[in-house]
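Residues per chain are reported as follows:
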Amino acid sequence: MEFYSTQISNLIEQLSKLPGIGAKSAQRLAFHIVNLPEEQVKSLAGAMVNAKAKVRYCKECCTYTDNELCPICASGQRDHKYIMVVENPRDLAAYEKTGKYEGVYHVLHGAISPMAGTGPDDIRLRELMARLGKDVDEVIVATNKNLEGDTTAAYISKLVKPLGIKVSRIASGVPAGGDLEYIDEVTLYRALEGRTDM
Ligand code: ZN
């Protein structure tokens, strides 16, 4: 039996497709949205449509950006000889919040996972390798400390080391199985400082 109008049901259904939004949250959000002033709903919807239309991958590091290059890659203040490899833009944001890392990043948008059928070609590894033709001193692998992250790290090391470029892995200050985005800034910074050669 339908409790709500078709439009409300449709809104709830769309919202419940978002990650982390269960049926109850979707309902709560849907009611919240229909109670908002029309202008606010328009800017919410507009922000989504614009983000989807304008956001693209940085030509260098593959993070999300509005321009050809993200602000970090475009910055002359950053040390472009150090490339920190992370799984996703949220991890990049976590390291940026420490305010201590001066190098640049590379965002893989995933990790190698034979279980999930994600191979090296499904993440942005080719783009990383293409960057290594330039002057690079170190590739810091900061993928998550779990099976997928470790597999990815080992794979990267195997590809990069023969090029004569140093490859390091963030320290185990990051708990095993830990998702980087949930770890506090001090722990992240220590993990970076305590990185070891691979
Ligand atoms: Zn970039």
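Residues numbered from 1 in each chain as written. Predicted model: local features only at pLDDT ≥ 70, side-chain atom pairs only at ≥ 80, totals over all residues. Heavy atoms only, no water.

Colleague: Quick rundown of the overall build of the chain? Include the residues and the values.
Modeller: Within the chain, the secondary structure is distributed over eight helices and seven strands. Along the first, second and third principal axes, the C-alpha set of the chain runs to 65 × 35 × 35 Å. The burial tally for the chain puts 38% of its 198 residues in the buried class. Contacts in the chain between residues at least 24 apart in sequence constitute 56% of all its contacts with a sequence separation of at least 6. Accessible area for the chain stands at about 11,800 Å²; split by element, carbon and sulfur atoms hold 54% of it. Charged side chains of the chain number 24 positive and 26 negative; the gap between the two group centres comes to 1 Å. (Helix = DSSP H or I, 4+ residues; strand = E, 2+ residues; numbered from the N terminus. Buried < 20%, exposed > 50% of the residue type's maximum accessible area, 1.4 Å probe, protein only. Contact = heavy atoms within 4.5 Å. Areas by Shrake-Rupley, 256 points an atom, 1.4 Å probe, with all protein chains shown as cover. Lys, Arg positive; Asp, Glu negative; His and termini not counted. Charge placed at Lys NZ, Arg CZ, Asp CG, Glu CD.)

Colleague: Please give an account of unusual backbone geometry that cites residues and values.
Modeller: For Cys62, which is not a glycine, the phi torsion comes out positive at approximately 70°. In this structure, Cys62 sits in the loop between β1 (56-57) and β2 (64-65). Positive phi is not limited to glycine here, since His109 has a value of about 60°. Among the secondary structure elements, His109 is positioned in the loop between β4 (103-107) and α6 (125-131).

Colleague: Outline the nonpolar core, supporting the account with residue identities and numerical values.
Modeller: One finds Met84, Val86, Tyr95, Tyr105, Val139 and Ile156 to be the most contacted residues of the largest nonpolar core, which totals 37 residues. Only α4 (71-74), β3 (79-86), α5 (89-98), β4, α6, β5 (138-141), α7 (147-160) and α8 (185-193) provide two or more residues apiece to this core. Looking at this core, the element that brings in the most residues is β3, giving four residues. (Core = buried A, V, L, I, M, F, W, Y, C linked by side-chain atoms within 4.5 Å.)

Colleague: Quick rundown of the coordination of the zinc ion? Include the residues and the values.
Modeller: At 2.3 Å from the zinc ion lie its protein donor atoms, namely Cys58 (SG), Cys61 (SG), Cys70 (SG) and Cys73 (SG). What the four donor atoms of the zinc ion show is an angle range of 106 to 118° at the metal, which sorts the shape as tetrahedral. Written as a sequence motif, the donor residues of the zinc ion are C-x2-C-x8-C-x2-C. Separated by twelve residues along the polypeptide, Cys58 in the loop between β1 and β2 and Cys70 in the loop between β2 and α4 bring together distant segments of the chain. (Donors = N, O, S within 2.8 Å, 3.2 Å for Na, K, Ca; no water. Tetrahedral: all angles 85-135°; square planar, octahedral: opposite > 155°, others 65-115°.)

Colleague: Mind laying out the packing of aromatic side chains, listing which residues take part and the relevant values?
Modeller: All chains considered together, the criterion is met by two aromatic pairs. Of note, Lys100 hangs over the ring of Tyr189, and the distance from its end group to the ring centre comes to 4.6 Å. Stacked on the ring of Tyr57, the Lys or Arg Arg124 has its end atom at 4.0 Å from the ring centre. (Phe/Tyr/Trp six-rings, centres within 6.5 Å; stacked < 30°, edge-to-face > 60°. Lys NZ or Arg CZ within 6 Å of the ring centre and 35° of its normal.)

Colleague: Give a description of the pairing of β3 that names residues and reports values.
Modeller: Regular strands show a simple pattern: their side chains alternate between the two faces of the sheet. Pairing of β3 with β4 involves five bridges; the strand directions are parallel. For Val86, the partnering residue across the bridge sits in β4 and is Val107. Since β3 and β4 lie parallel, the crossover through α5 that links them has a hand, and here it is right-handed. Where β3 and β5 come together, four bridges link them in parallel fashion. Within the sheet, the bridge partner assigned to Tyr82 lies in β5 and is Glu138. (Pairing = 2+ DSSP bridges. Right-handed = clockwise from strand over helix to strand, strands pointing away.)

Colleague: Can you break down the sheet that holds β3 residue by residue, with the values?
Modeller: In spatial order, the strands read β4-β3-β5-β6-β7; together these five strands make up an open sheet with mixed pairing. Looking at which strands have only one partner, the edges of the open sheet turn out to be β4 and β7 (196-197). As paired elements, β5 and strand β6 (residues 166-169) share four bridges and run parallel to each other. Within β6, the position partnered with Glu138 by the bridge is Lys166.

Colleague: Can you break down the side chain of Arg131 residue by residue, with the values?
Modeller: Locating Arg131 in the fold gives a position in helix α6. Here Arg131 falls in the buried class, since its relative accessible area comes to 6%. Looking at Arg131, its side chain comes within polar contact range of the main-chain oxygen of Tyr105, at 2.6 Å. Not counting residues within four places of it along the chain, the set of residues in contact with Arg131 comprises Glu60, Cys61, Ile83, Val104, Tyr105, His106 and Val136. (Polar contact = N/O pair within 3.5 Å; in protein donor to acceptor, adjacent residues only side chain to side chain.)

Purely geometric stuff here, so don't read any function into it on its own.
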